[in-house]
Amino acid sequence: MTDQEIEAVLSDSAAGARRRIEAVLSAIYYGECEWAGDILIKEFSRADEDERISLCILSGTYYLMRKTTYRIRESLALAKAFHKTVNKQIPYAEGTVQDCIEELEHCMKIFGKK
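To start, this report covers the structure provided alongside it.

Analysis parameters
- Residues numbered from 1 in each chain as written.
- Predicted model: local features only at pLDDT ≥ 70, side-chain atom pairs only at ≥ 80, totals over all residues.
- Heavy atoms only, no water.
- Phe/Tyr/Trp six-rings, centres within 6.5 Å; stacked < 30°, edge-to-face > 60°.
- Helix = DSSP H or I, 4+ residues; strand = E, 2+ residues; numbered from the N terminus.
- Buried < 20%, exposed > 50% of the residue type's maximum accessible area, 1.4 Å probe, protein only.
- Contact = heavy atoms within 4.5 Å.
- Core = buried A, V, L, I, M, F, W, Y, C linked by side-chain atoms within 4.5 Å.
- Axes fitted to C-alpha atoms, helices over the stretch in contact; angles between N-to-C directions.
- Parallel < 35°, antiparallel > 145°, perpendicular 65-115°, else oblique.
- Left-handed = near helix turned anticlockwise from the far one by under 90°.

### Regarding the packing of aromatic side chains
Tallied over the full model, the rule gives three aromatic pairs. Taking the centre distance of 6.0 Å and the plane angle of 85 degrees together, the rings of Phe-44 and Phe-82 count as edge-to-face. Within this pair, whereas Phe-44 is found in helix α3 (residues 33–46), its partner Phe-82 is found in helix α5 (residues 72–89), the two being separated by 38 residues in sequence.

### Remarks on the environment of Met-1
Note that Met-1 resides in the segment before α1 (3–11). Residue classification places Met-1 among the partly exposed residues on the basis of a relative accessible area of 31%. Spatially, the C-alpha atoms of Met-1 and Arg-73 are 28 Å apart, while their sequence positions differ by 72 residues. Not counting chain neighbours up to four residues away, the residues in contact with Met-1 comprise Ile-6, Val-9, Arg-19, Glu-22, Ala-23 and Ser-26.

### Overview of the nonpolar core
Formed by 35 residues in total, the largest nonpolar core has its most connected members in Ile-6, Val-24, Ile-39, Leu-40, Leu-55, Leu-58 and Tyr-63. Looking at this core, the elements that each hand over two or more residues are α1, α2 (17–30), α3, α4 (49–66), α5 and α6 (94–110). What Val-24 contacts, discounting residues up to four positions off in sequence, is Leu-10, Ile-39, Leu-40, Glu-43, Leu-55 and Leu-58.

### Here's the deal with the packing of α2 against α3
Relative orientation of the contacting elements α2 and α3 amounts to 155 degrees, with a least axis distance of 8 Å. Considering their axes alone, α2 and α3 lie roughly antiparallel with respect to each other. Handedness of the crossing formed by α2 with α3: left-handed. Across from Arg-20, Val-24, Ala-27 and Ile-28 in α2, the residues of α3 making contact are Trp-35, Ala-36, Ile-39, Leu-40, Glu-43 and Arg-46.

In short, geometric facts, not functional conclusions.
Listed below in C-alpha cells is the structure:
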C-alpha cells in the first residue's frame, strides 16, 4: 500500500478491523519511521479491544524492526492502560498484552531511552 492508500483506509469509517490492521502493518514496513509510529499510536487510541491486541503486537514489531524509541513512552502507556482493562474484558489476552509491555520496556533499554 502507498502512504495515500494507508491514509484512505484509516480515514474510512467503513473499513473493517482486518483492513485497518493491514494498513497499519503496511505503514510499519513501508512508511517513513515517524509517520508509521504516529499511525500506530493513533490507531491504538481509537481501536476496539480486539484490534488493540493486534496493534499491541505490532507495536513490538515496529520498535524492534525500526530500532527506534520514537514515541515509545506513549506506546507503553497505552499498552499498560489497555492491560488494566484486558483482565476484565478479554482475559485470554492478558498474557499477550503483558508480553508486549515487556517487549516495549526491553526496546527502551536496548535503543537508549530510559
